[in-house]
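Chain by chain, the residues run as shown.
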Amino acid sequence: MIAPPDCAGAAAPDAAAAKAAIRDRARALGFDQVGIAAAEPPAGAGTGLGDFLAAGHHGDMDWMARRVDERRAPRGLWPEARSVIALAMNYGPATDPLALLGERARGTVAAYARGRDYHLVMKGRLKALARWIAGQYGGPAKVFVDTAPVMEKPLAQAAGIGWQGKHTNLVSRQFGSWLFLGEIYTTLDLPPDDPEVDHCGSCRDCLDVCPTQAFPEPGKIDARRCISYLTIEHKGQIADEFRVAMGNRIYGCDDCLAVCPWNKYAARAREAAFLPRIELTAPKLADLAMLDDEAFRQVFSTSAIKRIGRARFVRNVLIAIGNSGTPALAPKAEALLADPAPLVRGMAVWALSRLLDGAAFATLKQRYRPRESDAEVAAEWDRATGDGAAPEAEVCAAGATSRTGNG
Ligand code: B12
Ligand code: SF4
Ligand code: SF4
């Protein structure tokens, strides 16, 4: 909470002038879009959230099912809130974020995670703006970026910043798909902007491109099928049916965002912190697979990637290695068969089952399977040679190879 010296709350003396000044200040601090909404539940958002949770579409993001009343309405979270200042920063990539998908010995990191962690960048700016507002107009404030029970996209739409496209993310006529969102809840009464209206029309490009068919219908996402969820949020082994479809996407996914025709108006990020780090623009899978805990922490110390930890990250890298069609990468996977993390061992088995011939795979199985203590990893060994349960049908036939170990 940002509290002014006298934090009793206050109405801005000239609300329209205050709003204009806040907008100017926000722009000077590096925000690309600013809008104001009343601190009311955004239209339809509570129902949408209820449907999403009831269908189990949040998967193992259990935190989404907690504090629901706080999430669905700003005043559920903070009863004193009167206005929401919705803010956005453009992270428009300079090059096509999908360009690396065909380069099978390299990993593709989603554009949003190629630079400095946006939570760190935006939180600092939001606090600076909230402090300035408190100093000018009084009234306490709270700042959020992604981490609190706040429905950021519906609030940003209510504040006129963009609309929720059929892929569910906020699209801006000015910046296309590439906006990070943040909010300041304030006790000030500020004149609201008009909500943005839908500009998708009959387009459905984002729905059709999704490699894992994560959209049960336009505007609804089953997170459990989304590669972003699978590579970032999901803590366990990734189900067999999604592995081939993941291709070389090792952290997040940009497919539905990148195909949106509104990106023709997008501009490159002006914030230097969002420029891609050289080691994340076209990283070699061979190098990433070799990261130990310490190296992982060092390489990703200021990156959003850090929070998933080394085991989940290397799990993703091994799936990309399994999809690489590059037997030269097999030794990298083999070196991880005795890794302490079952997540890593399991996907090393899967990768090898796709890169080695049947005899070579069987030799490794003879050596490692008897000493495997984790049931899921043991099952990977057995499924790969047809000794266990049949693998589930693969979602995406393109590029799929057999999992018999002969491919
Ligand atoms: C949970 C979460 C995820 C989950 C679930 C995604 C989702 N769409 O909800 C996963 C892990 C999959 C995910 C992925 C990504 N995320 Co995310 N994520 C969030 C988070 C924390 C909560 C979102 C939420 O409340 N979801 C719950 C659902 C119910 O809400 P909803 O999407 O608004 O759903 C609406 C529709 O279902 C609608 N609805 C219901 N029925 C119907 C019917 C029709 C016809 C229509 C039109 C609509 C409709 O009502 C609901 C309420 O409005 C937000 C941060 C935040 N606190 O808001 C970031 C956030 C949404 N993520 C963000 C980003 C960048 C991403 C990725 C692009 C990252 C990447 N490149 O890999 C992907 C995009 C995947 C996608 N297509 O959505 C940004 C999006 C910025 C923007 N411009 O919109 C946010 C806002 C974070 C931030 N502060 O910038 N994310
Ligand atoms: S981020 Fe990728 S996997 Fe997730 S919904 Fe979009 S296209 Fe599908
Ligand atoms: S790709 Fe088409 S349907 Fe999807 S968000 Fe963009 S305009 Fe809307």
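Residues numbered from 1 in each chain as written. Chains lettered and ligands numbered in written order. Predicted model: local features only at pLDDT ≥ 70, side-chain atom pairs only at ≥ 80, totals over all residues.

Asks: What's the story with the sheet that holds strand 2 (residues 83–90) in this structure? I'm lost.
Replies: Strand pairing within a sheet occurs via backbone hydrogen bonds; the two strands may be parallel or antiparallel. Taken together, four strands build an open sheet; the order of strands is 1-2-7-4 and the sheet is antiparallel. Of all the strands in the sheet, just strand 1 (33–38) and strand 4 (141–144) have a single pairing partner and so form its edges. Taken over all neighbouring pairs, the strand axes of this sheet differ in orientation by 20° on average, direction set aside. Pairing between strand 2 and strand 7 (residues 179–186): eight bridges, direction antiparallel. (Pairing = 2+ DSSP bridges. Helix = DSSP H or I, 4+ residues; strand = E, 2+ residues; numbered from the N terminus. Axes fitted to C-alpha atoms, helices over the stretch in contact; angles between N-to-C directions.)

Asks: Is there a simple way to think about the pairing of strand 2 in this case?
Replies: The side chains of a regular strand alternate between the sheet's two faces. Counting buried residues in strand 2 gives eight out of eight residues, a clear majority hidden from the surface. Bridge analysis of strand 1 against strand 2 gives six bridges, and the strand direction is antiparallel. Bridging across to strand 2, Val34 finds its partner in Leu87. (Buried ≥ 20, exposed ≤ 12 C-beta atoms within 10 Å, placed from the backbone.)

Asks: Help me understand the site of ligand 1, please; the structure alone is not making it clear to me.
Replies: Residues in close proximity to ligand 1 total 39 residues, the closest being Gly48, Glu152, Gly219, Ser228 and Gly252. Residue classes in the shell around ligand 1 are distributed as 23 nonpolar, nine polar and seven charged. Two domains each donate at least three residues to the shell around ligand 1, and these are domain 1 (15–94 + 113–186) and domain 2 (212–246 + 284–384). (Near = placed C-beta within 6 Å. Nonpolar A, V, L, I, M, F, W, Y, C, P; charged D, E, K, R; others polar. Domains from an automatic or database assignment.)

Asks: How do you make sense of the domain arrangement of the protein chain when you look at a structure like this?
Replies: What the domain assignment lists for the protein chain is domain 1 (15–94 + 113–186) and domain 2 (212–246 + 284–384). Between domain 1 and domain 2, the residue contacts involve 14 residues of the former and 14 residues of the latter. With three residues, helix 5 (residues 118–137) is the single largest residue contributor to the side of domain 1 that touches domain 2. For the side of domain 1 that touches domain 2, a count of residues per class yields four nonpolar, six polar and four charged. (Contact = placed C-beta atoms within 7 Å.)

Asks: Teacher, can you tell me more about the packing of helix 1 (residues 15–28) against helix 5 here?
Replies: A pair of packed helices is characterised by two quantities: the angle between their axes and the separation of those axes. The N-to-C vectors of helix 1 and helix 5 enclose an angle of 150°; their axes lie 11 Å apart at closest approach. Classified by the interaxial angle, the pair formed by helix 1 and helix 5 is roughly antiparallel. For the crossing formed where helix 1 meets helix 5, the hand is right-handed. For the pair formed by helix 1 and helix 5, the contact residues are Ala18, Ile22, Arg25 and Ala26 on the first element and Leu129, Trp132, Ile133 and Tyr137 on the second. For the contact of helix 1 with helix 5, the class distribution of residues is seven nonpolar, no polar and one charged. (Parallel < 35°, antiparallel > 145°, perpendicular 65-115°, else oblique. Left-handed = near helix turned anticlockwise from the far one by under 90°.)

Asks: What's the story with the environment of Ala141 in this structure? I'm lost.
Replies: Along the chain, Ala141 turns up in strand 4. The sequence separation of Ala141 and Ala130 amounts to 11 residues, and the corresponding C-alpha distance is 6.4 Å.

Asks: Before we go on, may I ask you to explain the site of ligand 2 in this structure?
Replies: As a structural note, the neighbourhood of ligand 2 is formed by His167, Cys210, Pro211, Thr212, Ala214, Ile221, Cys226, Ile227, Ser228, Cys253, Asp255 and Cys256. The set of elements that each furnish at least two residues to the shell around ligand 2 consists of helix 8 (227–233) and helix 10 (255–258). Among the residues making up the shell around ligand 2, the classes are represented as eight nonpolar, three polar and one charged.

Asks: Help me understand the packing of helix 14 (residues 309–322) against helix 16 (residues 342–355), please; the structure alone is not making it clear to me.
Replies: Axis separation between helix 14 and helix 16 bottoms out at 8 Å; the angle between their running directions is 5°. In terms of axis orientation, helix 14 runs roughly parallel to helix 16. Mapping the contact onto sequence places Ala311, Arg312, Val314, Arg315, Leu318, Ile319, Ile321 and Gly322 in helix 14 and Leu343, Val344, Met347, Ala348, Trp350, Ala351, Arg354 and Leu355 in helix 16. In terms of residue class, the contact of helix 14 with helix 16 is made up of 12 nonpolar, one polar and three charged.

Asks: Is there a simple way to explain the nonpolar core in this structure?
Replies: Within soluble globular proteins, side chains that are nonpolar generally end up buried alongside one another. Among the nonpolar cores identified, the biggest contains 111 residues, and Ala86, Val317, Leu318, Ala333 and Leu352 are the most heavily contacted of them. Taken domain by domain, this core gets at least three of its residues from each of domain 1 (15–94 + 113–186) and domain 2 (212–246 + 284–384). The contacts of Val317, once residues within four sequence positions are left out, are Gly107, Ile250, Leu285, Leu288 and Ala289. (Core = buried A, V, L, I, M, F, W, Y, C linked by C-beta atoms within 7 Å.)

Asks: Help me understand helix 16, please; the structure alone is not making it clear to me.
Replies: One turn of the α-helix equals 3.6 residues, which is why residues spaced by three or four share an orientation. Look at helix 16: 20 Å from first C-alpha to last across 14 residues, which is about the 20 Å you get at 1.5 Å a residue. Burial of helix 16 is extensive: 14 of the 14 residues sit out of reach of the surface. (Expected span 1.5 Å × (residues − 1).)

Asks: I'm lost on the confidence of the model for the protein chain in this one. Help?
Replies: Low-pLDDT stretches of the model should not have their predicted coordinates read in fine detail. Per-residue pLDDT for the protein chain has a mean of 92; in total, 92% of the residues score no lower than 70. Across residues 5–11, where pLDDT falls below 50, the model places 12 contacts with residues more than four positions away in sequence or in other chains. Counting contacts from residues 390–407, a segment whose pLDDT is below 50, to residues more than four positions away or on other chains yields 38 contacts. (pLDDT = per-residue confidence, 0-100.)

Asks: Is there a simple way to think about the environment of Lys220 in this case?
Replies: You can see Lys220 is positioned in the loop between helix 7 (205–209) and helix 8. Residues Lys220 and Gly165, spaced 55 residues apart in sequence, show a C-alpha to C-alpha distance of 9.9 Å.

Asks: Hey, could you run me through helix 1 in this one?
Replies: The end-to-end C-alpha separation of helix 1 is 20 Å, in line with the 20 Å expected for 14 residues at 1.5 Å each. Those residues of helix 1 that sit buried are Lys19, Ile22 and Ala26. Taken end-on, helix 1 shows its buried residues confined to a sector of 60°, consistent with a single buried face. Structural note: helix 1 exposes Ala17, Ala20, Asp24 and Ala28 on the side pointing more than 90 degrees away from its buried face. As for helix 1, its buried residues are in contact with strand 1, strand 2 and helix 5. (Arc of directions from axis to C-beta.)

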